[in-house]
Protein chains: 4
Amino acid sequence: MVIPTQANTSPGVALIGTGFMGKCHAMAWNNVGTVYGVPRPRLEILCDATEDAAHSHAAAFGFARASTDWKAALRDPAVDVVSIATPNGLHRPMAEAALEAGKHVWLEKPMALTLADAEAMAGLALSCPGQVTLLGYNYLRSPAFRAAQALIASGQIGTLRTFRGVYDEDYSADPALPWSWRMTRQGGGLGALGDLGCHLVSQMVALMGPVAELTAMTQIAVTERPSPDGPRAVENEDSAMALIRFGSGTQGSFATSRVARGRKCRLQWEVHGSEGTIVFDQENMNELWVHRTGEAGFTRHLSGPGQPEFAAFCPAPGHNFGFNEMKVVEAHDLLVAIGGGLNTGPDFVEGLAIERIIHAMAASDGRPVALGADK
Amino acid sequence: MVIPTQANTSPGVALIGTGFMGKCHAMAWNNVGTVYGVPRPRLEILCDATEDAAHSHAAAFGFARASTDWKAALRDPAVDVVSIATPNGLHRPMAEAALEAGKHVWLEKPMALTLADAEAMAGLALSCPGQVTLLGYNYLRSPAFRAAQALIASGQIGTLRTFRGVYDEDYSADPALPWSWRMTRQGGGLGALGDLGCHLVSQMVALMGPVAELTAMTQIAVTERPSPDGPRAVENEDSAMALIRFGSGTQGSFATSRVARGRKCRLQWEVHGSEGTIVFDQENMNELWVHRTGEAGFTRHLSGPGQPEFAAFCPAPGHNFGFNEMKVVEAHDLLVAIGGGLNTGPDFVEGLAIERIIHAMAASDGRPVALGADK
Amino acid sequence: MVIPTQANTSPGVALIGTGFMGKCHAMAWNNVGTVYGVPRPRLEILCDATEDAAHSHAAAFGFARASTDWKAALRDPAVDVVSIATPNGLHRPMAEAALEAGKHVWLEKPMALTLADAEAMAGLALSCPGQVTLLGYNYLRSPAFRAAQALIASGQIGTLRTFRGVYDEDYSADPALPWSWRMTRQGGGLGALGDLGCHLVSQMVALMGPVAELTAMTQIAVTERPSPDGPRAVENEDSAMALIRFGSGTQGSFATSRVARGRKCRLQWEVHGSEGTIVFDQENMNELWVHRTGEAGFTRHLSGPGQPEFAAFCPAPGHNFGFNEMKVVEAHDLLVAIGGGLNTGPDFVEGLAIERIIHAMAASDGRPVALGADK
Amino acid sequence: MVIPTQANTSPGVALIGTGFMGKCHAMAWNNVGTVYGVPRPRLEILCDATEDAAHSHAAAFGFARASTDWKAALRDPAVDVVSIATPNGLHRPMAEAALEAGKHVWLEKPMALTLADAEAMAGLALSCPGQVTLLGYNYLRSPAFRAAQALIASGQIGTLRTFRGVYDEDYSADPALPWSWRMTRQGGGLGALGDLGCHLVSQMVALMGPVAELTAMTQIAVTERPSPDGPRAVENEDSAMALIRFGSGTQGSFATSRVARGRKCRLQWEVHGSEGTIVFDQENMNELWVHRTGEAGFTRHLSGPGQPEFAAFCPAPGHNFGFNEMKVVEAHDLLVAIGGGLNTGPDFVEGLAIERIIHAMAASDGRPVALGADK
């Protein structure tokens, strides 16, 4: 007996962008139904720059239609939610157009290139209360990170005392790497702070609460890079370091670098509490290292089905959760919010708070900057 | 401009089973097009035990039709390839029916419960030369495992000398775990050898070549388990250990356990060569530890886009590859073979060789057993 | 044929203190000859508080005489060098008396409780140019630390860019730990900064050069502790964090805590260079993790006889060097300096620079403090 | 007030050998009093091959007299205990002469080159019941190893099920390493089994009890090596592997290699119990990894003063214990036995049992060999 499956009433999706993160969104949209046992979203329109690219990507990514016209796509009546995974300079116009078209928006980070852009976007989102906005801070959604949050929330490490975090990669470490528009303020924003640092801020704030004040130093390690026109100046941050005072009164240290040789995705932090310590490193994203009072040392908590985000994918502990799967969790969180559930965020307003922190770091130059989250 | 995507001429799929591995196959079928940029397979029929379950799973897994009749499904003309992810006792009848219906077969391991079953299945597969058979030895397909194979093939660790491997989990470690049919020879086959050991054999043979002779000891650590009818005997292996002589003349040690407290997916091995050593542990599946002559020590090779299987998913190193993604690689390998390319296997004939090794281990009782792969 | 060994013309030693570090000095004095193949020092006088303790310790520690009068001991004509391993408040009077008696001085860290004391001591040392002063910054002398210095000096990690360091322990983490004089400014000095932080400063300066400016925050995590007279206030730092600008123009982050649950001797740092990164953690003091351009990842450099400090103790790599053995290296360095060789320090003048840094951290309160090492 | 220390009535020591292990004995004899707070042993005679070497080593090692005549030295009335750290072929004559002279004997491993030698030595030791014999199996004496024994003895990991152990180094991995007498049966005994394997056996038996039966395979990986006379054959084992059945009915696997590239002191084992697992690796000798039922994963037990062997050296956890310090523990154990306390061994009789096991491994050639320890 063969039964035709029913008409799909789940949300219709348009995806703009097919690069690293566009493909990641496509995998998430294809898998979220399978993983969570919910009706598969309707993959309506895939936007790419040329007809050929749009066509071939749509066929592979499982989208019904291909388009080169993103403005039309996000106004399409079959589309309920727009995935935006384009270069950062396009984030603001696309997100604003999608909101103005009445759609939900799933936008990759960083939210925007300038603080003014982010403020405008948050303002518009506030004026569209029925529409969900979600920023692609995927590292918030790993099973291990959420397990860390749950450990803290349950009081198992006591009163929080200190945060120490770094996010280091080495993609710009080579001085021979040619100059590009990504190394300008206008094209690449805050450099390592905007590319990597904002991820660490998203986790730091999720763990420790809002920031009251910070003092930061930044560095351009490779000041000039080769270009066809001769050496050109690098304008944005290769690395940054900060001291943080949280609104709760606790303290933190923060560092990020895109020139840290040998580091590939070292989003690493530790939280000290009065009754324990938690340590995490994204390069080993399936491990949380936890010590609690009375335990003999640090224990490796290997991700497994006791963690809800893991359980959705696999019933077997130690069977590694992957980077791309965080995006599936994010897609599911988005579907829950679209369906009227809690938006676990960061939405555009929460995203603006993240932007304020990294812009304050870029501007500090060794002097304290108040962020206003004092108790 | 919106362009409708073209008619899909890619293979039609039927999937039987929606449990742990059935869902894993579904994720693979949904993602293989997106990941590899090939046309998305047609997901035709999803088979489950009841109409409701078939229906809801088909909707979530993205299949066009739902069915409770696997025999009809695998004869369906729209179906080209059958995914079988059912209890082990059903492997032989389903695989044979699919082959007899002219379909390609993707079958979960272990191939069968008895050596006679595996022999019959391999014989039938040999008589269907145009049909692809592939067994679900997914651990062969991780980026790190393939990188290890490539390192060996390139001669970077010299002449192979020794293999040392274990595969340990703890899912049966608790003596209070109730008795089940999985603990019988008839229902559960060779216990830890059939469930875990065959995976390690698949990697061992892929790295070291065929086995000439082995000597093994097995153990039932928990001899009786509680059941509603009182304690019942456990019939199959909780653990096994073996010494291996390979056809090449090199030596190996082998061990597996389902009662190793604290181990979750410790498929761990090392290969010693005249010029280097490679070490791997599936619990940290994105790392290969390599030492080569002249290097200062062991180096952590973190998976990244230099490994082709990784590159298909993500351009950024250190962004962890996940367990489920190995199955996407497997689906792609299957599509390549269906399309006329090389079948990287293990097909049913190679699977039979794996079965012969684990059955020899189960039967050895401390005495040498010849496998016939001498030079 | 039995030959009496010759008269010992090596330096005569007086040791004051038999606690943790006093015993450590005694082990060093007993072993330095054996390890380095130099004539065994004459162990002349062991000073302890009571006659019985002095006697039993002298017998066990191999000293010829026992004494309760440290003032007489350090004036004894048979004594050439004085080991001072007493509570911090006694460091200044004992060191000054030893210098005034014309002896060489080996003094445990921290140098003194106040900056004024340290300045006076450095001034006196400068006025005794023929007498060696050496501070017990033993972590400078591990084989791995010296190997890190050699890697940097050889240019193998290129131009230095960033330092990140922490030194965490948990000996004061328990809020139920009773109040003691160690938690006062007058008795315990700068708390975690004086006890732990100064060690990290000693390594930081040895790796990166002098500090130009720093900004720090400190914290008393447990503000009151139980005493027989009721709760009493803790006066000195439980933890501190700082941003550092080095005279060379590079940047650094610094943190220390005595309330970091689960940390036992986590003196951990990393140095980023233009061509590589070095990572160290004293809890695994026999490992240096190094990545250099062109290498596949981080490599574990396990200590071995390729490192001169290791070779003195053992010809076999991977045979772990221990904490106490760093003190033997220190004793040998001291003997070399006494014999007219280079004093590798830190002597009292270099120790004063360390004290200035930790006192600046204690005083910063979030504001930049200049240390004067600008280029 | 200065008090001369009393006459030393502690045992008088003669040491024969000043190489790797001779120096290690010398460090132990110099430090055992300091560490344990017992009267310093009298270091009477140091024996070396030439007068000059004897003289200079005696001065550095703190011995009163130097000698080139070991036969006279071990008969000297001031000598109570003889440390023998000479090439293996001298072990039997020296140990027998020392026993015949009525002295206690501390002998480096392996006990002897042949089983017949070991049997003769054990027989003689049995006939000297008042004289202590102790073999230098120093790895039995690390704080972590003893903590593992205590965990097992306390029942914290339940009933033992399985042992898995390896001891790998790479000192013979290079095929260009010249031939030497160490590679002959007569000069070098059982190769890797005698040099490394016996250490692993000593730990295996200490953890699991006596061996009932074993099956082993051995390998000469580099069959010929260069010599001034052209290539010469290597006669003894480069590596070995074995399956073990213990008298208790539990099972074990065993492997050792001197040609394992990159391994420096990988004496690594794990013990599986019904309620937990313990893992150890000598390259990180200050760590024990323990999982017990109910714990979230494996916990790192970093050595510290909770372990009695550690506490003798240092009151601060995480301050690494070193390789040479195991020998100090051994010296103390010997002094305790000489003083009439328990001899924790292995004495010569227990050492013979170890020799029987490695000789059985060398002779097995893939066939079971009974060792006679069945229940």
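The structure under discussion appears in the preceding block.
What counts and how
- Residues numbered from 1 in each chain as written.
- Chains lettered and ligands numbered in written order.
- Predicted model: local features only at pLDDT ≥ 70, side-chain atom pairs only at ≥ 80, totals over all residues.
- Heavy atoms only, no water.
- Helix = DSSP H or I, 4+ residues; strand = E, 2+ residues; numbered from the N terminus.
- Rg over C-alpha atoms; globule rule 2.2 N^0.38 Å.
- Buried < 20%, exposed > 50% of the residue type's maximum accessible area, 1.4 Å probe, protein only.
- Areas by Shrake-Rupley, 256 points an atom, 1.4 Å probe, with all protein chains shown as cover.
- Lys, Arg positive; Asp, Glu negative; His and termini not counted.
- Charge placed at Lys NZ, Arg CZ, Asp CG, Glu CD.
- Expected span 1.5 Å × (residues − 1).
- Pairing = 2+ DSSP bridges.
- Salt bridge = Lys/Arg side-chain N within 4 Å of Asp/Glu carboxyl O.
- Core = buried A, V, L, I, M, F, W, Y, C linked by side-chain atoms within 4.5 Å.
- Contact = heavy atoms within 4.5 Å.
- Polar contact = N/O pair within 3.5 Å; in protein donor to acceptor, adjacent residues only side chain to side chain.
- Least-squares fit on C-alpha atoms with pLDDT ≥ 70 in both.
- 1 Å grid on protein atoms, 1.4 Å probe; cavity = no way out; pocket = protein on both sides within 12 Å on 5 of 7 lines; lining within 4 Å.
- Points joined across faces, edges and corners; volume = space filled by probe spheres on them.
- Nonpolar A, V, L, I, M, F, W, Y, C, P; charged D, E, K, R; others polar.

Brief notes about the overall build of chain A
Helix and strand counts for chain A stand at 11 helices and 18 strands. Taken over C-alpha atoms, the radius of gyration comes to 21 Å for chain A, in line with the 21 Å a tight globule of 375 residues would show. Once the C-alpha set of chain A is aligned to its principal axes, its extents read approximately 60 × 60 × 40 Å. Out of the 375 residues belonging to chain A, those deemed buried represent 65%. For chain A, the computed accessible surface area is about 11900 Å², with 55% contributed by carbon and sulfur atoms. Side chains of chain A give 29 positive and 38 negative charges; the mean places of these two sets differ by 2 Å.

Regarding helix α10 (residues 323–338) of chain D
Here α10 of chain D contains 16 residues, and its C-alpha end-to-end distance of 24 Å stays within 8% of the 22 Å for a straight helix at 1.5 Å per residue. Immediately downstream of α10 of chain D, the backbone of Gly-340 of chain D shows phi near 100 degrees, a positive value.

Looking at the pairing of strand β5 (residues 81–84) of chain B
Residues and elements named next belong to chain B. Alternating positions in β5 separate into two faces, Val-81 and Ser-83 on one and Val-82 and Ile-84 on the other, with burial throughout. Relative to β5, strand β2 (residues 12–16) runs parallel, the two being bridged by four bridges. Within β5, the position partnered with Ile-16 by the bridge is Ile-84. In this sheet, strand β6 (residues 104–107) lies alongside β5 in parallel orientation, the contact comprising four bridges. What sits directly across from Ile-84, in β6, is Leu-107.

Concerning the pattern of salt bridges
Residues and elements named next belong to chain D. A complete count under the given rule lists 103 salt bridges over all chains for this structure. Asp-333 serves as the salt-bridge partner of Arg-146, at 2.8 Å between the closest nitrogen and oxygen. Here Asp-333 lies in helix α10 and Arg-146 lies in helix α6 (residues 143–153), a separation of 187 residues in the sequence. Here Asp-333 falls in the buried class, since its relative accessible area comes to 11%. Arg-185 is paired through a salt bridge with Glu-237; the nearest N and O atoms lie 2.7 Å apart. One end of the pair, Arg-185, is in helix α7 (residues 185–188); the other, Glu-237, is in the loop between β11 (232–233) and β12 (239–246), with 52 residues separating them in the sequence.

Brief notes about the nonpolar core
Ranked by internal contacts, the top residues of the largest apolar core, which has 216 residues, are Trp-269, Phe-348 and Met-361 of chain C together with Trp-269, Phe-348 and Met-361 of chain D. Setting aside anything within four residues of it in sequence, one finds Trp-269 of chain D in contact with Phe-145, Ala-148, Phe-163, Arg-164, Gly-165, Leu-200, Gln-203, Leu-207, Ile-278, Val-279 and Phe-280 of chain D. Core analysis: the next-biggest nonpolar cluster, separate from the first, contains 214 residues, Ala-112, Met-121, Leu-214 and Ile-357 of chain A among them.

Remarks on the side chain of Lys-109 of chain C
Residue and element names in this part refer to chain C. Mapped onto the secondary structure, Lys-109 falls in the loop between β6 (104–107) and α5 (115–126). Lys-109 sits in the buried class, given a relative accessible area of 11%. There is a polar contact of 2.8 Å between the side chain of Lys-109 and the backbone oxygen of Asp-195. Not counting chain neighbours up to four residues away, the residues in contact with Lys-109 comprise Asn-88, His-91, Gly-136, Tyr-137, Gly-194, Asp-195, Cys-198 and His-199.

Things to note about the relation of the copies chain C and chain D
Between chain C and chain D, the superposition needs a rotation of 180 degrees and an axial shift of 0.0 Å, giving an RMSD of 0.0 Å. What we have between these two chains is a two-fold relation. Across chain C, the rotation axis passes nearest the C-alpha of Gly-322 of chain C, at a separation of 1.8 Å. A share of 100% of interface residues in chain C that are also interface residues in chain D marks the association as one of identical surfaces.

Quick notes on the pairing of strand β16 (residues 287–292) of chain A
All names here are of chain A. Taken across its six residues, β16 has five buried, putting it largely inside the fold. Both strand β15 (residues 276–281) and β16 contribute to a ladder of five bridges, which runs antiparallel. Note on β16: the bridge partner recorded for Val-279 is Trp-289. Where β15 folds back onto β16 in an antiparallel hairpin, the turn is made up of five residues. Sheet topology places β16 next to strand β17 (residues 299–302); four bridges connect them, and they run antiparallel. If you follow Trp-289 over to β17, its bridge partner there is Arg-300. Linkage of β16 to β17, two consecutive antiparallel strands, is achieved through a turn of six residues, within which Gly-294 is found at a positive phi near 95 degrees.

Quick word on empty space enclosed by the protein
One water molecule sets the probe size; rolling that probe over the atoms shows where empty space is left. Using the criterion set out here, one finds 10 cavities of 30 Å³ or more in the structure. Trp-289 of chain A, Trp-289 of chain B, Trp-289 of chain C together with Glu-287 and Trp-289 of chain D are, among the 47 residues lining the largest cavity, the residues nearest its centre. Partitioned by chemical class, the residues of the lining of the largest cavity number 16 nonpolar, eight polar and 23 charged.

Just distances and angles here, no functional claims.
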